[in-house]
Amino acid sequence: SRILVVGGYDGSSELDTAEMYDPKTQAWTSVSPMSTKRADAAAVVLPGSAQAMVIGGHDGTSELNSAEVFDAHTQTWTIVPTMSTKRAGSAAVQLSQLQVLVTGGYGGSSEEMLDSAEVYDVSTQTWSSVPPMLSKRYCHDAVMLPDAQVLVMGGFDGSGELDTAEVYDPHSQTWSSVAPMLSRRWGPAAACY
């Protein structure tokens, strides 16, 4: 396996560059740049393939609703249909082999913290809205739980850092609150093991 790193901010501007890390050789190599500059984007591997999807972000001028897919075999980018909402600082997670959930972020038509969520269907290449989260969240994280539900936690809601967490059930398309974290966390990182 290899690690794809894309976009970001280098201290002077947003980046469209991408590179891969190979753990076997412990070397970084440049790959084709994205179609647009993206900082604060979300990324997720599309299961069952050698493809990674990069979603939203900020291009230095505004938040983005665009997304693109990198194919590791051909080392090329393909632009896919846009989300209904512009998002930077959102979280993305695989729902199934054919779906990706994207939650919250900053942007939208009102340029504020978002509680909205969307699902991308890989087979039809379409986005669909799902019910909004219980809280607005920017710079939060999300992980798939062993029971195929998604835990979303932390972030910033426009007035303060959050300790709250909630779970999304993709079968019923519902959100439910769970116990809050012990600390407020803006920009957390999470892993399920």
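Structural notes, computed from the coordinates.

### Brief notes about the sheet that holds strand S9 (residues 91–96)
So, step 1. Taking strand neighbours across the sheet as the criterion, the four strands line up as S9-S10-S13-S14 in an open arrangement whose pairing is antiparallel. Only two strands of the sheet have a single neighbouring strand rather than two, namely S9 and strand S14 (126–130). The mean inter-strand angle of the sheet, taken between neighbouring strand axes irrespective of direction, is 25 degrees.
So, step 2. Pairing of strand S13 (residues 117–121) with S14 involves five bridges; the strand directions are antiparallel. The residue of S14 that forms the bridge with Ala117 is Val130.

### Here we look at unusual backbone geometry
So, step 1. A positive phi angle is found at Cys139, which is not glycine, with a value near 55 degrees.
So, step 2. By secondary structure assignment, the location of Cys139 is in the loop between S14 and strand S15 (141–144).
So, step 3. The exposure class of Cys139 is buried, given its relative accessible area of 18%.
So, step 4. At Ala148, a position not held by glycine, the phi torsion is positive, near 75 degrees.
So, step 5. Exposure remark for Ala148: the relative accessible area of 27% places this residue in the partly exposed category.

Procedures and definitions
- Residues numbered from 1 in each chain as written.
- Predicted model: local features only at pLDDT ≥ 70, side-chain atom pairs only at ≥ 80, totals over all residues.
- Heavy atoms only, no water.
- Pairing = 2+ DSSP bridges.
- Helix = DSSP H or I, 4+ residues; strand = E, 2+ residues; numbered from the N terminus.
- Axes fitted to C-alpha atoms, helices over the stretch in contact; angles between N-to-C directions.
- Buried < 20%, exposed > 50% of the residue type's maximum accessible area, 1.4 Å probe, protein only.

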